[in-house]
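Close look at the chain arrangement
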Amino acid sequence: MQHCKQWCKTECEEDGSFMHDLLLARERNSAGKILKRVNFLCIAPGAACVFLVGNFNGWDPGTHPMQRQPDGVWRIQVPLHHGYHQYLFLVDGKPELDPRAQGVAHNPQGQRASLMAVN
């Protein structure tokens, strides 16, 4: 939880340029590979901090902090390669499935994870 609070104070409150620059750098480093920008939305109006974790970022909560929108929805756009991706939202440190996911699978930790196909 402390990690979540620290990221919220340092990254989530920024103007968003940090995440934009990070995403562009990842796209540039994937020369020759097609990426599709995917929007992730998490409805958690009472949350202090939300992160996106998945097999595309090594399940690292520090990689994709989500940005809170005025209506209480948390949003992030991530460039992903073609294929299947497992992910979870970490809402104030608690893993939550995406109710809009295309399916559910088990991640390497044995937890249920949301599943998405990118094509």
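Below is a short write-up of the structure. Computed from a prediction, not measured in an experiment: that's the story for all the values here.

A count of helical and extended segments in the protein chain gives two helices and eight strands. Going from N to C terminus, the protein chain has its helices and strands arranged as α-α-β-β-β-β-β-β-β-β. Put simply, the protein chain has 119 residues, and 44% of those count as buried. Taking the intrachain contacts of the protein chain between residues at least 6 apart in sequence as the baseline, contacts between residues at least 24 apart amount to 67%. With an accessible surface of roughly 6900 Å², the protein chain has 52% of that area assigned to carbon and sulfur atoms.

In this section: the pattern of salt bridges. For the coordinates displayed, the defined rule picks out one salt bridge. For R100, the salt bridge is made with D98, and the minimal N-O distance between the two is 3.7 Å. By relative accessible area, which is 10% here, D98 ends up buried.

Evaluated as defined, the whole model comprises three aromatic pairs. Arranged with centres 5.0 Å apart and planes meeting at 75°, the rings of F40 and Y87 form a pair that is edge-to-face. With F40 in strand β1 (residues 35-43) and Y87 in strand β5 (residues 83-91), this pair connects stretches of sequence that are 47 residues apart. F40 gets classed as buried once you look at its relative accessible area, which sits at 1%.

A separate point is the sheet that holds strand β3 (residues 67-68). Taken together, three strands build an open sheet; the order of strands is β1-β4-β3 and the sheet is antiparallel. A single partner strand is all that each edge strand has here, and the edge strands are β1 and β3. Pairing analysis gives nine bridges linking β1 to strand β4 (residues 73-81), with the strands arranged antiparallel. Bridged to L41 within β4 is R75.

Turning our eyes to something else, we now look at the pairing of β5. Of all nine residues in β5, eight are buried, a share of seventy percent or more. In the sheet, strand β2 (residues 50-54) pairs with β5 via five bridges, with the strands oriented antiparallel. In the strand pairing of β5, V50 is matched with V91. Sheet topology note: the β5/strand β8 (residues 112-118) ladder contains five bridges and is antiparallel. Residue Y84 lies in a different strand from β8, and its bridge partner there is A117.

Right, let's talk about the nonpolar core for a bit. With 18 residues, the main nonpolar core has F40, C42, V50, L52, M66, L80 and F89 as its most contacted residues. In terms of residue count, the dominant contributor to this core is β4 (four residues). V50 has contacts with C42, A44, P65, M66, W74, F89, L90 and V91, leaving out every residue within four places of it along the chain.

Rules of the game
- Residues numbered from 1 in each chain as written.
- Predicted model: local features only at pLDDT ≥ 70, side-chain atom pairs only at ≥ 80, totals over all residues.
- Heavy atoms only, no water.
- Helix = DSSP H or I, 4+ residues; strand = E, 2+ residues; numbered from the N terminus.
- Buried < 20%, exposed > 50% of the residue type's maximum accessible area, 1.4 Å probe, protein only.
- Contact = heavy atoms within 4.5 Å.
- Areas by Shrake-Rupley, 256 points an atom, 1.4 Å probe, with all protein chains shown as cover.
- Salt bridge = Lys/Arg side-chain N within 4 Å of Asp/Glu carboxyl O.
- Phe/Tyr/Trp six-rings, centres within 6.5 Å; stacked < 30°, edge-to-face > 60°.
- Pairing = 2+ DSSP bridges.
- Core = buried A, V, L, I, M, F, W, Y, C linked by side-chain atoms within 4.5 Å.

Worth remembering: the numbers are spatial, not functional.
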